[in-house]
Every structure is written in C-alpha cells, then in structure tokens.
Amino acid sequence: MISSRRCSARRRERDIGQVSAPPDPSGYQAVVSAPGFSLGVRCDDDEIERIVFLPAGAAVTPGNALAAEAVRQLHAYLADAGFVFGLPLRPSGTHFQRRVWQQIAAIPTHQTRAYGEIARALHNAPRAVGQACGANPFAVVVPCHRVLASGGGLGGFARQNGGFLLDVKRWLLAHEGC
C-alpha cells in the first residue's frame, strides 16, 4: 500500500512536471549530484520512468542495475557534454509530445533551436512546443534545455519562468558551449 504522503508527492510531481519531488529522496532509485542541482532517477529493472531536476542535495546510491547505469551515464554527461545517452526510456506522453521530444532529441550538442523552429517543423504553435518541453519526463537525456525563446532568450524551463531551474538551464547551456 502506498502512503498518502507518497501519493500526494507523486500527484504534485505529475501536476507540476519536472519540478517537484517527494519530500523523501527514497522515491527515487538514484539521485545524482550535479553543480547546483541534482537529478532524480525513477526506474524499474527494465526502463527509465523519469529523470527529474531537483534542488542540490546529496546523492542517493542506485537501487538497481538500471539505476546504476543511469547514474554512470549521467556522470559521463556531466564530465563530457558530448556524451550520447543510451538508456531504455519508458514510452510516455501524448503523440504530439513524443513528436516534440523526437525533434528535441535530434538537436546536436553545442546547438540550440527556438520553440518556433520546432513548431514550424511540426506545423504547430510555439506555445504547444513549450508545453511539451515542460512535460518532458527525461531531463538532460531529452535535452529541452537546448530549446530557447525567439531572439535567443532563455524562455522557460520545466514549466518555470524563474527560480533554480533557469539557473540549471544556464549551467547546461554553458556546459555544452552554447
């Protein structure tokens, strides 16, 4: 049986996107510490369910082999922005969101795209692309941080227009030399 505290934390995470986290890091199979933030990994033995941005905190030792592999790959990316991920990601999202995430995953390291560019490629609106970016369940692996506002502005990030997540976006872009 799932405790009501854990259920409400999951509901908050679902409602807010990548931003919120359970008050207890044990909801993740691993947590990776990064410069100024952490990455929480949720997975089973076969697929990554989500990777979310968390405020800076202590690492959590991987709870299974896939979590250990996710930690290894996230550390590899943090050491070398050119690292290419090869994690089994659980299919999620709407058909449109998956199309947006495919476009974003195709953005090469060291490059960015505007929300409008992706929207034109998909024959849709930039706002819809931004909403799909905010719903991305695979932080860093599907690099929504490479999507900027028109004119090169940061735009939002993970459904936020301020706070630590924009600092994370700045760090990721600098890390990748963008």
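Because the structure is predicted, anything quoted here is derived from the model rather than measured.

Q: Looking at this structure, how should I read the overall build of the protein?
A: What the protein contains, in helices and strands, is 6 helices and 5 strands. In the protein, the succession of helices and strands from N to C terminus is α-β-β-β-α-α-β-α-α-β-α. Evaluated residue by residue, the protein yields a buried proportion of 44% over its 178 residues. For the protein, restricting intrachain contacts to residue pairs at least 6 apart in sequence, the fraction spanning at least 24 positions comes to 57%.

Q: Teacher, can you tell me more about the packing of aromatic side chains here?
A: Both the distance between ring centres and the angle between the ring planes are used here to describe each pair of aromatic rings. Tallied over the entire structure, the rule returns 4 aromatic pairs. Plain terms: the ring middles of Phe 83 and Phe 85 are 5.5 Å apart, the flat faces sit at 90° to each other, and that makes the pair edge-to-face. Owing to a relative accessible area of 21%, Phe 83 belongs among the partly exposed residues under this scheme. Grouped by ring-pair contacts, the aromatic residues Phe 37, Phe 53 and Trp 171 constitute a single cluster.

Q: So what exactly am I meant to see when it comes to the nonpolar core here?
A: Among soluble globular proteins, nonpolar side chains are generally buried collectively. Counting residues in hydrophobic clusters, the biggest one holds 46 residues, and the most contacted among them are Leu 39, Ile 48, Ile 51, Phe 53 and Ile 104. At the level of elements, β1 (30-34), β2 (37-43), β3 (48-55), α2 (65-79), α3 (95-105), α4 (115-122), α5 (126-134) and α6 (164-175) are the ones that each hand at least two residues to this core. Residue contributions to this core peak at 7 residues, all from α2. Not counting chain neighbours up to four residues away, the residues in contact with Ile 48 comprise Val 41, Arg 42, Cys 43, Leu 66, Ala 70, Leu 87, Pro 88, Leu 89, Arg 90 and Phe 138.

Q: Sorry, what's going on with the pattern of salt bridges here?
A: Think of it this way: side chains of opposite charge can pair up when their charged atoms draw near. Tallied over the entire structure, the rule returns 6 salt bridges. As a salt-bridge pair, Arg 90 and Glu 49 come within 3.6 Å of each other at their nearest N and O atoms. Here Arg 90 is found in the loop between α2 and α3, whereas its partner Glu 49 is found in strand β3, with 41 residues between them in sequence. The partner of Arg 72 in a salt bridge is Glu 69, with the nearest N and O atoms 2.7 Å apart. Placement of both Arg 72 and Glu 69 in helix α2 is noted, with a separation of 3 residues, approximately one turn of the helix. For Arg 72, a relative accessible area of 45% translates into the label partly exposed. Look at the salt bridges and you will find they share partners, linking Asp 44, Glu 47, Glu 49 and Arg 90 into a network.

Cut-off values and rules
- Along each chain, residue indices are assigned from 1 in the same order as the chain's sequence is written.
- Restriction of local features to residues with pLDDT of at least 70 applies here, the model being predicted, together with a cutoff of 80 or more for giving and counting side-chain atom pairs; totals for whole chains, interfaces and linings are based on all residues.
- In computing side-chain properties, one takes all heavy atoms of the structure into account and sets aside hydrogens as well as water.
- Going along the chain from the N terminus, every DSSP run of H or I of four or more residues is numbered as a helix, and every run of E of two or more is numbered as a strand.
- Throughout, exposure labels follow a simple rule: accessible area from a 1.4 Å probe, protein chains only, divided by the maximum for the residue type, with under 20% read as buried, over 50% as exposed, and the rest as partly exposed.
- The contact criterion used is simple: two residues touch if any of their non-hydrogen atoms lie within 4.5 Å.
- Any two of the Phe, Tyr and Trp rings considered here, Trp counted by its six-membered ring, make a pair once their centres fall within 6.5 Å; the pair's planes then place it as stacked at under 30 degrees, edge-to-face at over 60, or tilted in between.
- As used here, the term nonpolar core means buried Ala, Val, Leu, Ile, Met, Phe, Trp, Tyr and Cys residues forming a set that is joined through side-chain atoms within 4.5 Å.
- Salt bridge, as applied in this entry: a Lys or Arg side-chain nitrogen positioned within 4 Å of an Asp or Glu carboxyl oxygen.

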